[in-house]
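Report on the structure
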Amino acid sequence: MAVQYKDYYQTLGVPRTASEADIKKSFRKLAREFHPDVAKDKKKSEEKFKDINEAYEVLGDPAKRKKYDELGANWKSGAEFRPPPGPGGFGGGQAFRGGQPSAEDFEFGGTGFSSFFEQLFGSRMKGGAAGGFGRRGNFSPEEQVERGNDIEGDIMVSLEEAARGSVRTVNIRHADRNESHQVRIPAGVSEGQKLRLAGRGESGSGGGGSGDLYLNVRFAKHPDFEVDGHNLVYELDIAPWEAALGAEISVPTLEGRVNIKIPAGTASGQKLRVRGRGLLQRAGAHGDLFVVIKIVFPPKISDAQKKLWEQLAHESKFNPRD
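Below you will find a few notes about this structure. Fair warning: this is a prediction, and the values are worked out from it, not measured in the lab. (Residues numbered from 1 in each chain as written. Predicted model: local features only at pLDDT ≥ 70, side-chain atom pairs only at ≥ 80, totals over all residues. Heavy atoms only, no water.)

This part covers helix 8 (residues 303–315). The end-to-end C-alpha distance of helix 8, which contains 13 residues, comes to 18 Å, matching closely the 18 Å that a straight helix rising 1.5 Å per residue would cover. Where burial is concerned, little of helix 8 is hidden: zero out of the 13 residues are buried. (Helix = DSSP H or I, 4+ residues; strand = E, 2+ residues; numbered from the N terminus. Expected span 1.5 Å × (residues − 1). Buried < 20%, exposed > 50% of the residue type's maximum accessible area, 1.4 Å probe, protein only.)

Right, let's talk about helix 4 (residues 62–69) for a bit. Among all positions of helix 4, only Lys64, Arg65 and Tyr68 are buried. Buried residues of helix 4, seen end-on, are gathered within an arc of 100° and therefore sit on one face of the element. Exposed and facing more than 90 degrees away from the buried side of helix 4 are Pro62, Ala63 and Lys66. Buried residues along helix 4 sit against helix 1 (8–12), helix 2 (20–34), helix 3 (42–59) and helix 5 (115–121). Measuring from the backbone nitrogen of Ala63 back to the side-chain oxygen at the start of helix 4 gives 2.9 Å, which picks out Asp61 as the cap. (Arc of directions from axis to C-beta. Contact = heavy atoms within 4.5 Å. Polar contact = N/O pair within 3.5 Å; in protein donor to acceptor, adjacent residues only side chain to side chain.)

Right, let's get into the pairing of strand 5 (residues 150–157). With respect to burial, strand 5 is a largely interior element, eight of its eight residues being buried. Side chains of strand 5 alternate between two faces, with Asp150, Glu152, Asp154 and Met156 and Ile151, Gly153, Ile155 and Val157 buried alike.

Taken as a whole and assessed by the stated rule, the structure comprises nine aromatic pairs. Both rings, one in Tyr5 and one in Phe116, keep their centres 5.3 Å apart while their planes meet at 80°; by these two values the pair is edge-to-face. Linking Tyr5 in the loop between strand 1 (3–4) and helix 1 with Phe116 in helix 5, this pair joins segments that are 111 residues apart in sequence. Comparing Tyr5 with Phe116, the two get one shared label, buried. Every member of this aromatic cluster is reached through a ring pair, and the members are Tyr5, Tyr8, Tyr9, Tyr68 and Phe116. The lysine or arginine in question, Lys48, covers the ring of Phe34, its NZ or CZ lying 5.6 Å from the ring centre. (Phe/Tyr/Trp six-rings, centres within 6.5 Å; stacked < 30°, edge-to-face > 60°. Lys NZ or Arg CZ within 6 Å of the ring centre and 35° of its normal.)

With that settled, consider the nonpolar core. Counting 35 residues, the largest nonpolar core has Leu236, Ile260 and Val291 as the members making the most contacts within it. Sequence-distant contacts of Leu236, defined by excluding residues within four places in its chain, comprise Ile249, Val251, Ile260, Ile262, Val291, Val292, Ile293 and Lys294. One finds Tyr5, Leu12, Ala18 and Ile52 within the second-largest nonpolar core, a separate group that totals 24 residues. (Core = buried A, V, L, I, M, F, W, Y, C linked by side-chain atoms within 4.5 Å.)

Quick look at the pairing of strand 13 (residues 256–262) now. Sheet topology places strand 12 (residues 247–253) next to strand 13; seven bridges connect them, and they run antiparallel. Residue Ala247 lies in a different strand from strand 13, and its bridge partner there is Ile262. Here strand 12 hands over to strand 13 after two residues, the two strands then running antiparallel side by side. (Pairing = 2+ DSSP bridges.)

This part is about the sheet that holds strand 11 (residues 231–238). One key point about sheets: their strands pair by backbone hydrogen bonds, in either a parallel or an antiparallel sense. Across the sheet, four strands lie side by side as 10-11-15-14; this open sheet has mixed pairing. Unpaired on one side and paired on the other, strand 10 (225–228) and strand 14 (271–274) mark the two borders of the sheet. Shown here is a sheet whose adjacent strand axes are inclined to one another by a mean of 30°, direction ignored. Strand direction decides the pairing type here: strand 11 and strand 15 (residues 289–295), joined by seven bridges, are parallel. When the sheet's bridge partners are listed, Asp237 is paired in strand 15 with Lys294. (Axes fitted to C-alpha atoms, helices over the stretch in contact; angles between N-to-C directions.)

Relative to the elements of secondary structure, Thr169 occurs in strand 6 (residues 166–174). Sequence separation of Thr169 and His181 is twelve residues, and the distance between their C-alpha atoms is 5.6 Å. For Thr169, the contacting residues outside a window of four places in its chain are Ser180, His181 and Gln182. In this structure the side chain of Thr169 is engaged in a polar contact, spanning 2.7 Å, whose partner is the side chain of Gln182.

The following block contains the structure:
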């Protein structure tokens, strides 16, 4: 099944030779601009935010980026892409399982990732009956009652949704019908958690009940935070004089900005903990926010500034190599 090629470099606005740092910088800029919580056109921004997240999911991961770059001749934007067959190729995630669509064939919308991404990096959906993902057997001819297949797929959730909860729409296109379902994402949901929609899987036969729909939660990449369990990690750039003298600086959280104190003599790489500003846990408690310090020097200094640095070097008895 051919799908439309997606130029992830174009999506992030970077050249193919871009460094990891440049890719991350571009992602952060675009993700802040099109984040659904701040953009004026919410519907348009949600689609753009998904595209940006998908591009960074690939280009921000060296292994995925290498696999993507190996498409070679298929780099032409807008060209149809048909992954090579076999387990060693890119065909592990085709939306249809081959041949003409049957009543059990389906496609799933709501993951936040395109068909192109799924064909490259894994199937969006898995089908099968409950208790092992396979059709139940061992029925006599008089007992041809089969429960429908369960369906399993991923759903992309923003950290803000994980913190506050939300309701999302997912779409399933079967060969014989289209369905839309409202999914409640509970506050405190965690990465990898399964959300179950009872009876929303494949239809049964012979009077058997329908299977269930299971959605595996995947956190969307955030422009500010990395996730470590229920804790959040934020990298804060500070000037050398702020590190030496101490400072009070505003940092973001999922609930708004807060001021934190930078102690005098703070070193690069040091972690400062802001308690209770991480992700909500199911028990009602919150994780913490860890602010990682990065001391950044100005790229250029004036003659007057250079004299001040020279004066500091002359006055100071500190030698980091002692």
